[in-house]
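# Fold and geometry: a report
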Amino acid sequence: ELDKIYGQIEATGTEQGYVAAARYQLKKKNPDAALSIVDRGLESLKGAAPLLELKGGLHLQQKQLDQAESAYVELSGVSPERGNSLLVRLYLSSGQNDKAEQLISSVLKTEVDKEYPYLLSSGFLLGQKRKGEAKEVLEQGIATVMRPFRLQMQLGRIFEQEGQFQQAERLYQRITQTEPRFSPAYTSLGFLKERSGDKGAALDYYKSALKYDAKNIPALNNLSYLLMDNFGEEKDALNYAMDAYRLQPNDPRIMDTLGYALVKNDRSGDALNLLVKAQELLPTVPAVALHLAMAKIRVGDKAGARDLLTKVIGSGTETDVRQAKKLLENL
């Protein structure tokens, strides 16, 4: 029955139809059938970017690097940023660093007024541990590109890694002054304020981020956590965590936040499966183990909670350890 349905979907002759039908075959573990569908789509929709990207990915899964490269080269002709980004990733993953660097150098010369070549170059240089050169490239791009917001964000993240938080904050503030609707800048400002202890300012920045982009997942996740741990607004926190989870259900950090919010809202039974999964995916993160222990305590699994809390005490932050010890005392 499903074969017939997806056959009808392919027969619509649209990009979405071919992609959906190919992905269905992938779920059935029929990569050759998926590739045939993509090729049929490209015969009637020449240069369709989603199909070219999917074709490259299918070849890559089967370790057919030359064919994947060909698909991505063709993609770069219709969608330069996406195609060239995938080509660089392909070269780096296959150990062809020189080829990646040559492509980036070429793109920088031909698309000097675009953001993405500077992002590609700085990302490559950071991967090579050439941070100084990466910063120079980003500064060059910021001085050249008309709307260099992603470049400013990347440079700000480097400043944060170096502990230069004031420089990072100035960059993010400059973005909000130039483009007040650029949501990621507010998220980063919120993180910096939260880190410095100014929880009220962090709250305002996260809410501003969501005002301009209701699907800003980091802002949803961070705001949820902030509301629970600092403002006692568990119900609102749960709503934000639910929104983040709907958008990105496979991220263990978001599973953890939603699980924690469910615990805080007296729904520990609902939280257990999420937190178990999050802990499996993030086994070395003490905060996740702590949240799972909280859920286990509330459903009566004291032995399981005790094991988790003991691990948290051995490896957690000062705050995690303090909470774990308090929970252990009350078991």
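Look up a bit, the structure's there.
Counting of residues starts from 1 at the beginning of each chain's written sequence and follows it residue by residue. Only residues with pLDDT of at least 70 are given local features in this predicted model, and only at 80 or more are side-chain atom pairs given and counted; all residues enter the totals for whole chains, interfaces and linings. Side-chain metrics in this entry use all non-hydrogen atoms of the structure; hydrogen atoms and water are not considered.

A separate point is the overall build of the protein. Secondary structure is summarised from DSSP: a helix means a run of H or I of at least four residues, a strand means a run of E of at least two, and numbering begins at the N terminus for each. Along the protein, the regular secondary structure elements total 20 helices and zero strands. Seen along its three principal axes, the alpha-carbon backbone of the protein occupies a region of about 65 × 55 × 35 Å. Expressed as a percentage of its 331 residues, the buried residues of the protein come to 44%. When contacts within the protein are restricted to residue pairs at least 6 apart in sequence, long-range pairs at least 24 apart make up 42% of them. Using the Shrake-Rupley algorithm and a 1.4 Å probe, accessible areas are obtained, with residue cover drawn only from the displayed protein chains. Accessible surface for the protein amounts to roughly 17,400 Å². Of this, 48% is attributable to carbon and sulfur atoms. For every residue, the accessible area obtained with a 1.4 Å probe (protein chains only) is divided by the maximum for its type, and the residue is called buried under 20%, exposed over 50%, and partly exposed between those limits. The contact rule is simple, with two residues in contact once any of their heavy atoms fall within 4.5 Å.

Relative to the helices and strands, Ser122 resides in helix 8 (residues 116-127). Discounting residues that sit within four places of it in the chain, Ser122 has contacts with Ala134, Val137, Leu138 and Gln154.

Its location among the elements puts Ile217 in helix 14 (residues 217-231). Contact partners of Ile217, with chain neighbours within four places excluded, come to Ala244, Leu247, Gln248 and Ile254.

Viewed as axis vectors pointing N to C, helix 8 and helix 10 (residues 149-161) meet at an angle of 20 degrees, and their least axial separation amounts to 9 Å. With respect to their mutual orientation, helix 8 and helix 10 come out roughly parallel. Crossing of helix 8 against helix 10: the hand is left-handed. Note on element contacts: helix 10 touches helix 8 through Arg150, Leu151, Gln154 and Ile158, opposite Tyr116, Tyr118, Leu119, Ser122, Gly123 and Leu126. What counts as an axis is a line fitted to C-alpha atoms, over the stretch in contact for a helix, and the angles between N-to-C directions run from 0 to 180 degrees. Reported orientations rely on four angle classes, namely roughly parallel under 35 degrees, roughly antiparallel over 145, roughly perpendicular from 65 to 115, and oblique for the rest. Each crossing gets its hand from how the near helix is turned against the far one by less than a right angle, where anticlockwise is left-handed and clockwise is right-handed.

Next up on the list: the packing of helix 16 (residues 252-264) against helix 17 (residues 268-281). Between helix 16 and helix 17, the least distance of the axes is 8 Å, while the angle of their chain directions is 155 degrees. One element, helix 16, and the other, helix 17, form an angle in the roughly antiparallel class. Remark: the crossing between helix 16 and helix 17 carries left-handed chirality. In this structure, helix 16 uses Pro252, Met255, Asp256, Leu258, Gly259, Tyr260, Leu262 and Val263 to contact helix 17, whose residues at the interface are Ser268, Asp270, Ala271, Leu274, Leu275, Lys277, Ala278 and Leu281. Following the grouping adopted for this structure description, the nonpolar residues are Ala, Val, Leu, Ile, Met, Phe, Trp, Tyr, Cys and Pro, the charged ones are Asp, Glu, Lys and Arg, and the polar ones are all others, Gly among them. Considering only residue class, the contact of helix 16 with helix 17 consists of 11 nonpolar, two polar and three charged.

Here we take up the nonpolar core. The definition of a nonpolar core used throughout is a set of buried Ala, Val, Leu, Ile, Met, Phe, Trp, Tyr and Cys residues joined through side-chain atoms within 4.5 Å. Among the nonpolar cores identified, the biggest contains 94 residues, and Val38, Leu51, Tyr72 and Leu151 are the most heavily contacted of them. Sequence-distant contacts of Tyr72, that is, excluding residues within four places in its chain, are made with Glu53, Gly56, Gly57, Leu60, Gly83, Leu86, Leu87 and Leu90.

This next bit is on the pattern of salt bridges. Salt bridge, as used here, is a side-chain nitrogen of Lys or Arg placed within 4 Å of a carboxyl oxygen of Asp or Glu. For the coordinates displayed, the defined rule picks out 19 salt bridges. Close ionic contact of Lys55 with Asp39 constitutes a salt bridge, the shortest N to O distance being 3.2 Å. Of this pair, Lys55 sits in helix 4 (residues 49-61) while Asp39 sits in helix 3 (residues 31-44), and the two are 16 residues apart along the sequence. For the salt bridge of Glu101 with Arg130, the shortest nitrogen-to-oxygen distance reads 3.5 Å. Placement of Glu101 in helix 7 (residues 97-110) and of Arg130 in the loop between helix 8 and helix 9 (131-144) is noted, with a sequence separation of 29 residues between them. With a relative accessible area of 33%, Glu101 lands in the partly exposed category. Connected via shared salt-bridge partners are Glu81, Glu115 and Arg150.

Where two aromatic rings form a pair, the distance of their centres and the angle of their planes describe that pair. Here a pair means two rings of Phe, Tyr or Trp (six-membered ring of Trp) with centres within 6.5 Å. Their orientation is stacked below 30 degrees between planes, edge-to-face above 60, and tilted elsewhere. Within this structure, the stated rule accounts for four aromatic pairs. With centroids separated by 4.2 Å and ring planes inclined at 5 degrees, the aromatic side chains of Tyr6 and Tyr24 adopt a geometry described as stacked. Placement of Tyr6 in helix 1 (residues 2-11) and of Tyr24 in helix 2 (residues 15-27) is noted, with a sequence separation of 18 residues between them. Judged by its relative accessible area of 24%, Tyr6 falls in the partly exposed class. When the centroid spacing of 5.4 Å and the interplanar angle of 45 degrees are considered together, the rings of Tyr225 and Tyr260 count as tilted.

Let us look at the side chain of Asp256. By the secondary structure assignment, Asp256 is in helix 16. Charge counting treats Lys and Arg as positive and Asp and Glu as negative, with His and both chain ends excluded. It turns out Asp256 is buried and unbridged, and the closest side chain with the opposite charge, Arg253, is 9.0 Å from it. Within 3.5 Å is the distance limit for a polar contact, defined as a pair of N or O atoms, with the added protein rule that one can donate a hydrogen and the other accept it, and that residues adjacent in sequence qualify only through two side-chain atoms. A distance of 2.7 Å separates polar atoms of two side chains, one belonging to Asp256 and the other to His291. If we skip the residues at most four places from it in the chain, Asp256 touches Tyr225, Leu275, Ala278, Ala287, Val288 and His291.

Limitation: the analysis is restricted to geometry and does not speak to function.
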